[in-house]
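# Structure assessment
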Amino acid sequence: MNTEQDRRRFMSLAGGGFVGSVGMQWAGAASADPQEPDLIVYNAKVHTVDNATPMAQAFAVRSGRFVAVGSNDIKSLAGRRTQSYDAKGAMIVPGFIDAHNHGGGEGLLYDVLVGNPYEVELVSIDSIVSKLKAKARTVPPGTWVEGFFLDDTKLKDKRPLNVHDLDKATTDHPVAVHHRGGHTTFVNSKAFQMAGITKNTPNPFGGTYDKDQNGELNGRVTDRAQVTLEKFGARETFSPAQKEKRVLNGVAFISKKFVQYGLTTVHHNEVGVLEAMQEQRLRGNLLHRVSYEVNGDLLEAMIRTGIESNFGDEWIRLGATSEHTVDGSLSERTMAMSRPYIGISPPYKGNLTETQDDLNAWCERVHRANIRLNCHANGDVAIDRTLTAYERALKLYPRLDSRPKITHCSMINDELLRRMKAINVVPAMFSTYPYYNSDKFHFYGEEMMRHMIAFRTMIDAGIVPAAGSDFGPGPFAPLMAIQAMVTRTGWNGETWGANQKITLDEAIRVNTLNGAYNAREENDKGSVTVGKLADYVILADDLHIVAPSKIKDVEIVRTVVGGRTVYQA
Ligand SMILES: [Zn+2]
């Protein structure tokens, strides 16, 4: 408490005192070139997300960081080399931070996309089948034909995709259409045949082979049952050179997309792209900053060699682990809850995908290596299990301010909140879902939605929730996220859990400073503050003035990272 107050007081002195005397102190110094700003932005409505000076008119940038924030007097700091930018009254916010994102640029560039990754768009089952048919013509029989970005509630046909639809695409190839949520897949008969799965095959641990009313396989496969199917069939192969090119192109592509929407930092849950990110950085094509969330070989190597979270620099830094999955999905209705889903019989309470003992062991090992914990837990049962493992690990190896992360942390209650607060869990919660997935919330109902994606409750409890789009599962546009948090109203006009609305200023903070806090980068990022990295976004309209239902349509005029413009409308 005291440290925080001291820090605030210090910042307000530094900020306020500096700006008040800016003309006198710095006009003389301006001739001394090393002190000269590279850039001065003035006539702006800067929403700083810094409590000490919430609003500013101008700021100066030198060597990629803010060196002055305050009134238009800052213009007097300009030297001969200083560039000036007249914002003409535009609103400027700190660069947006996405605290949970799967990136996946390679897939966006090269895969069959059966849905729209970025916006709400309804598609027909016919269009999906014809895309898969076309793909099947390009690969040998027995090779998987896959479609991505299916959203079961964005189908014009208003019925689920099934095994018969996919048999129309091809019977010579196994077909898999992956739900964008990542926890369910729809397959054809060939896929079941190759895996030897019939209607009599029992469900594996942590997953299901779903049936129709007649007890026949309907093609939907959930959570860990997907793994069984993936073991069979051939896949398209690429030479090392082809693969390298695909990954590199993917990184450049997604980086461009991110900054186009105003993201300046993204927490990447991705495997195998770290090298490509570094290469594209050298080539000048990495436009956003990366908190790289690790698993697999990289996590093992870190544990073995003693590399800890936050190793790296302000462009690419090792973050928490990637999400260690404890239960199923919110959007695909497989998350592990204490109460059964509405309208499903026999009663179904979702999938837990990890035993308590395995989870305890994993958390202990990772936390002991001082790598930040991060588990995927949606339902209250999964969050309880995750907290049990976190509490145990922190007790065995106490560390100051370890900030274990929970990805999604969707369904909470008072007891879970109390336990989260006690060990300062940092949640990365679904950001765009209340807008994008409002068509799925009737599966939970209003009573449950009042406790779901609970930004209001979290903030009131003194927890620091960040925005995690979970892209691909959710679109990543930060302005869509802000609109969702402020209105809790979806694209279809439905409002669910309105008690969880937060104010516009809170939503901006969740999408900026809280994202920095989530990765322990709040001293470098998340607000327009002297000393921090000059990452910011210029908006065409003041978000305080546009109708809340139009926030997502506000144009991003410019995205700037480290003082360099990386996107311009
Ligand atoms: Zn995820």
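To keep things clear, this report deals only with the structure shown in the data block. (Residues numbered from 1 in each chain as written. Predicted model: local features only at pLDDT ≥ 70, side-chain atom pairs only at ≥ 80, totals over all residues. Heavy atoms only, no water.)

## Here's the deal with the overall build of the chain
Stated precisely, the cut-off is as follows: By definition, any uninterrupted DSSP run of H or I lasting at least four residues is a helix, any uninterrupted run of E lasting at least two residues is a strand, and each is numbered from the N terminus. Only C-alpha atoms enter the radius of gyration; for comparison, a globular chain is expected to reach 2.2 Å times N to the power 0.38, where N is the number of residues. The contact rule is simple, with two residues in contact once any of their heavy atoms fall within 4.5 Å. Calculation of accessible area relied on Shrake-Rupley with a 1.4 Å probe; when residues are assessed, cover is drawn exclusively from the protein chains displayed. In this count, Lys and Arg are taken as positive residues and Asp and Glu as negative ones, while His and the chain termini are left out. One atom stands in for each charge, and that atom is NZ of Lys, CZ of Arg, CG of Asp or CD of Glu.
What the chain contains, in helices and strands, is 19 helices and 25 strands. A compact globule built from 569 residues should have a C-alpha radius of gyration of about 25 Å, and the chain, at 24 Å, falls within 12% of that. Considered along the principal axes of its C-alpha atoms, the chain spans approximately 85 × 50 × 50 Å. Considering only intrachain contacts with a sequence separation of at least 6, the fraction spanning at least 24 residues in the chain is 73%. Per element, the accessible surface of the chain, about 23,100 Å² overall, is 52% carbon and sulfur. Between the centroid of the 65 positive side chains of the chain and the centroid of its 66 negative side chains there is a distance of 1 Å.

## Points about helix α17 (residues 478-487)
Which entries qualify depends on this criterion: When a residue's accessible area, from a 1.4 Å probe over protein chains only, is under 20% of the maximum for its type it is buried; when over 50% it is exposed; and in between it is partly exposed.
For α17, the buried fraction is high: 10 of the 10 residues fall into the buried class. Along α17, the positions that sit buried rather than exposed are Pro478, Leu479, Met480, Ala481, Ile482, Gln483, Ala484, Met485, Val486 and Thr487. Immediately downstream of α17, the backbone of Arg488 shows phi near 55 degrees, a positive value.

## What about the side chain of Thr185?
Our working rule: A 3.5 Å cut-off defines polar contacts: any pair of N or O atoms within that distance qualifies, except that in protein one atom must be a possible hydrogen donor and the other a possible acceptor, and neighbouring residues in sequence count only when both atoms are side-chain atoms.
In this structure, Thr185 sits in strand β12 (residues 184-187). There is a polar contact of 3.4 Å between the side chain of Thr185 and the side chain of His178. In terms of polar contacts, Thr185 uses its side chain to reach the side chain of Gln226, at 2.5 Å. With sequence-adjacent residues up to four places away left out, Thr185 is seen in contact with Ala176, Val177, His178, Gly219, Arg220, Val221 and Gln226.

## A closer look at the coordination of the zinc ion
Put simply, the rule is: Water is not among the atoms examined, so metal sites may look incomplete; donors are the N, O and S atoms within 2.8 Å of the metal, or within 3.2 Å for Na, K and Ca. Site shape is set this way: if four donors have all angles between 85 and 135 degrees, tetrahedral; if opposite donors are over 155 degrees apart and all others between 65 and 115, square planar for four donors and octahedral for six; otherwise irregular.
The zinc ion binds to the protein through His100 (NE2), His102 (NE2), Glu323 (OE) and Asp470 (OD); the donor distances cover 2.0 to 2.1 Å. Around the zinc ion, the four donor atoms are arranged such that angles at the metal cover 80 to 176 degrees; this shape is classified as irregular. The motif formed by the donor residues of the zinc ion, counted along the single chain, is H-x1-H-x220-E-x146-D. Note that His100 is positioned in strand β8 (residues 96-101) and Asp470 in the loop between β22 (466-468) and α17, a separation of 370 residues in sequence.

## A short note on the packing of aromatic side chains
Stated precisely, the cut-off is as follows: Any pair of Phe, Tyr and Trp rings, taking the six-membered ring for Trp, is counted once the centres come within 6.5 Å. Such a pair is stacked with planes under 30 degrees apart, edge-to-face with planes over 60 apart, and tilted for the rest. Our definition puts a charge over a ring when NZ of Lys or CZ of Arg is within 6 Å of the ring centre and also within 35 degrees of the ring normal.
By the definition in use, this model includes 12 aromatic pairs. Geometrically, the ring pair formed by Phe59 and Tyr536 is edge-to-face, given 4.8 Å between the ring centres and 70 degrees between the ring planes. Of the two residues, Phe59 is situated in strand β4 (residues 58-62) and Tyr536 in strand β23 (residues 536-539); the sequence distance between them amounts to 477 residues. The same class applies to Phe59 as to Tyr536, namely buried. Ring-pair connections join several aromatic residues into one group, and the members of that group are Tyr118, Phe149, Phe258, Tyr261, Phe471 and Phe476. We note Arg333 situated over the ring of Phe443; from NZ or CZ to the ring centre the distance is 4.0 Å. Over the ring of Tyr517 we find Arg403; its NZ or CZ atom is 3.8 Å from the centre of that ring.

## Concerning the pairing of strand β1 (residues 39-42)
Note the following rule: Whether two strands pair comes down to DSSP finding at least two bridges between them.
Side chains Leu39 and Val41 of β1 all project onto a buried face; the interleaved residues Ile40 and Tyr42 project onto the opposite face, where all are buried too. As paired strands, β1 and strand β6 (residues 83-86) are joined by four bridges and run parallel to one another. What sits directly across from Leu39, in β6, is Gln83. Alignment of β1 against β4, held across three bridges, turns out to be antiparallel. If you follow Ile40 over to β4, its bridge partner there is Ala60.

## Some thoughts on the sheet that holds strand β7 (residues 91-94)
Ordered by their spatial adjacency, six strands build an open sheet running β3-β2-β7-β23-β24-β25, and the pairing between neighbours is mixed. Of all the strands in the sheet, just β3 (55-56) and β25 (564-568) have a single pairing partner and so form its edges. Relative to strand β24 (residues 556-561), β23 is paired through four bridges, and the arrangement is antiparallel. If you follow Tyr536 over to β24, its bridge partner there is Val560.

## Topic: the state of the cysteines
Rule in force here: By disulfide we mean two sulfur atoms from cysteines, separated by a distance within 2.5 Å.
Throughout the structure, instances matching the rule amount to zero disulfides. There is no disulfide at Cys375, and the cysteine sulfur nearest it, in Cys363, is 4.3 Å away. You can call Cys375 buried: its relative accessible area is 0%.

## Points about the nonpolar core
Where we set the bar: In this text, buried Ala, Val, Leu, Ile, Met, Phe, Trp, Tyr and Cys residues form a nonpolar core when linked through side-chain atoms within 4.5 Å.
Core analysis: the biggest nonpolar cluster contains 103 residues, and Leu330, Cys363, Tyr444, Leu479, Ile482, Leu539 and Leu543 have the highest contact counts within it. With residues near it in sequence (within four places) discarded, Leu330 still touches Met335, Asn378, Ser410, Phe430, Tyr433, Phe441, Tyr444, Met452 and Ile453. Ranked by size, the runner-up nonpolar core spans 18 residues in total, among them Ala136, Leu155, Leu161 and Leu166.

## What about the sheet that holds β4?
This is how it is decided: Geometry is summarised by axes, namely lines fitted to C-alpha atoms with helices restricted to the contacting stretch, and by angles between N-to-C directions that run from 0 to 180 degrees.
Reading across the sheet, the four strands line up as β5-β4-β1-β6 and stay open at both edges, with mixed pairing between neighbours. Strands at the two margins of the open sheet, each flanked by one partner only, are β5 (65-70) and β6. Mean inter-strand twist for the sheet, computed between neighbouring axes without regard to direction, equals 15 degrees. Judged from the five bridges that link them, β4 and β5 form a sheet pairing that is antiparallel. Opposite Phe59, over in β5, you have Val69 as the bridge partner.

## As for unusual backbone geometry
The phi torsion of most residues other than glycine is negative, and most of the peptide bonds are trans. In this structure, Pro346 follows Ser345 across a cis peptide bond, with omega equal to 0 degrees. With respect to the helices and strands, the residue Pro346 is situated in the loop between β18 (324-325) and α11 (356-368). Here the amide bond leading from Phe471 into Gly472 is cis, since omega sits at -5 degrees, within 30 degrees of zero. If you trace the backbone, Gly472 turns up in the loop between β22 and α17. With phi around 50 degrees, Asn424 is a residue other than glycine that occupies positive phi space. Note that Asn424 resides in the loop between α13 (414-422) and β21 (426-430). Judged by its relative accessible area of 24%, Asn424 is partly exposed. In this model, Arg488 sits at a positive phi of 55 degrees, which is unusual for a non-glycine residue.

## Comments concerning the pattern of salt bridges
Worth spelling out the cut-off: Each salt bridge in this description consists of a side-chain nitrogen of Lys or Arg and a carboxyl oxygen of Asp or Glu lying within 4 Å of one another.
Enumeration over the complete set of coordinates arrives at 33 salt bridges. Between Arg81 and Glu36 there is a salt bridge, with its nearest N and O atoms 3.6 Å apart. Placement of the pair is Arg81 in the loop between β5 and β6 and Glu36 in the loop between α2 (22-29) and β1, with a sequence separation of 45 residues. For Glu36, a relative accessible area of 1% corresponds to the buried category. Its salt-bridge partner being Asp152, residue Arg333 comes within 2.7 Å of it at the nearest N-O pair. Here Arg333 is found in the loop between β18 and α11, whereas its partner Asp152 is found in the loop between β10 (145-150) and α5 (163-169), with 181 residues between them in sequence. A network of salt bridges, in which partner residues are shared, links Arg65, Glu314, Arg317, Glu521, Asp524 and Lys525.

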